Amino acid sequence: MTKPSAPIVARLSLVLTIGLGACMPLEPAVGTGTNAPEAPPGAPPGTCWHRNTSPAVIQTVTDQVLVTAAVADATGQIIQPAVFRTVTRQDIVQPRRDTWLETPCPEQLTPEFTASLQRALAARGYYRGATTGQINRATRLAIRRYQKETGLDSSTLSLDTARQLGLIAIAH
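The structure displayed is predicted, hence computed values, not measured ones.

J.: When you look at the overall build of the protein in this model, what are you seeing that I'm missing?
T.: What the protein contains, in helices and strands, is 4 helices and 6 strands. Tracing the protein from N to C terminus, the helices and strands come up as α-β-β-β-β-β-β-α-α-α. Expressed as a percentage of the 172 residues in the protein, the buried residues total 20%. Sequence separation of 24 or more characterises 51% of the internal contacts of the protein that already satisfy a separation of 6 or more.

Printed below as a string of structure tokens:
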């Protein structure tokens, strides 16, 4: 077996260095960390919030627009029928809306709290899963179904809903 020449070894070393460079973990950017939680303007300090975005409601409208009117002779007999063209447009029936809802803070959302939430929703017929103490898909769907009846279409638990379910004391 022959030994590769020095230029080939140098090129191979360079290719490996460049190729393996992509495998190196990147350093985190300076200044990145957890952002302060989002809250609406004027929210009291120490409260937690969620921005709920409702999508726009769009309606597709199709119209027939007259291009050429019908042509009739002196007796009223149509010689050439009218010509129409179809025009389709989308109208925004309701624009996108951002609403804020106050939520229990993350430190309150313990597995014990979540298990109580699941039991409370199950007792009312909204949750059909196991009591796991974890916010899973079934729990989020149950929260959405329960809150939708009060006009809130969100799978994020609101503070008002937690109070209605008896999970958080009502402030006086």
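After presenting the structure, the write-up continues.
J.: It is not clear to me how the state of the cysteines should be interpreted in this structure. Could you clarify?
T.: Note on terminology: disulfide describes a covalent bond linking the sulfur atoms of two cysteines. Applying the stated rule across the entire model yields 1 disulfide. Between the sulfur of Cys 48 and that of Cys 105 lies a disulfide, 2.1 Å long from S to S. Its torsion about the S-S bond being 105°, the disulfide of Cys 48 and Cys 105 is classed as right-handed. Highlighted residues: Cys 48 in strand S1 (residues 48-54) and Cys 105 in the loop between strand S6 (97-103) and helix H2 (111-123), separated in sequence by 57 residues. The residues Cys 48 and Cys 105 share a single accessibility class, namely buried.

J.: How should the nonpolar core be read in this particular structure?
T.: Most often, soluble globular proteins keep nonpolar side chains buried together rather than apart. In terms of nonpolar packing, the biggest core is built from 14 residues, with Leu 117, Leu 121, Leu 157 and Leu 165 touching the most fellow members. If you tally residues by element for this core, the top one is H2, at 4 residues.

J.: Just checking my understanding: could you explain the environment of Thr 161 for this structure?
T.: By secondary structure assignment, the location of Thr 161 is in helix H4 (residues 159-164). With 57 residues separating them in the primary sequence, Thr 161 and Pro 104 have C-alpha atoms 9.8 Å apart. If we skip the residues at most four places from it in the chain, Thr 161 touches Tyr 146 and Gln 147.

J.: What is the right way to read the packing of aromatic side chains from this model?
T.: Aromatic ring pairs are described here by two measures, namely the spacing of the ring centres and the angle between the planes. Scanning all chains against the criterion turns up 1 aromatic pair. Ring geometry for Tyr 126 against Tyr 146: centres 5.1 Å apart, planes inclined by 85°, an arrangement best described as edge-to-face. Here Tyr 146 lies in helix H3 (residues 137-148) and Tyr 126 lies in the loop between H2 and H3, a separation of 20 residues in the sequence. Both residues of the pair, Tyr 126 and Tyr 146, belong to the buried class.

J.: Looking at this model, I keep getting lost on the pattern of salt bridges. Mind explaining?
T.: Note that side chains of opposite charge can pair when their charged atoms are close. Overall, the coordinates contain 7 salt bridges when judged by the stated rule. In this structure, the salt-bridge partner of Glu 38 is Arg 51, at a minimum N-O distance of 2.2 Å. Placement of Glu 38 in the loop between helix H1 (6-21) and S1 and of Arg 51 in strand S1 is noted, with a sequence separation of 13 residues between them. With its nearest N and O atoms 3.9 Å apart, the salt bridge here joins Lys 148 to Asp 153. Through salt bridges with shared partners, one network takes in Glu 38, Arg 51, Arg 96 and Asp 98.

Rules behind the numbers
Residues numbered from 1 in each chain as written. Predicted model: local features only at pLDDT ≥ 70, side-chain atom pairs only at ≥ 80, totals over all residues. Heavy atoms only, no water. Helix = DSSP H or I, 4+ residues; strand = E, 2+ residues; numbered from the N terminus. Buried < 20%, exposed > 50% of the residue type's maximum accessible area, 1.4 Å probe, protein only. Contact = heavy atoms within 4.5 Å. Disulfide = S-S within 2.5 Å. Core = buried A, V, L, I, M, F, W, Y, C linked by side-chain atoms within 4.5 Å. Phe/Tyr/Trp six-rings, centres within 6.5 Å; stacked < 30°, edge-to-face > 60°. Salt bridge = Lys/Arg side-chain N within 4 Å of Asp/Glu carboxyl O.

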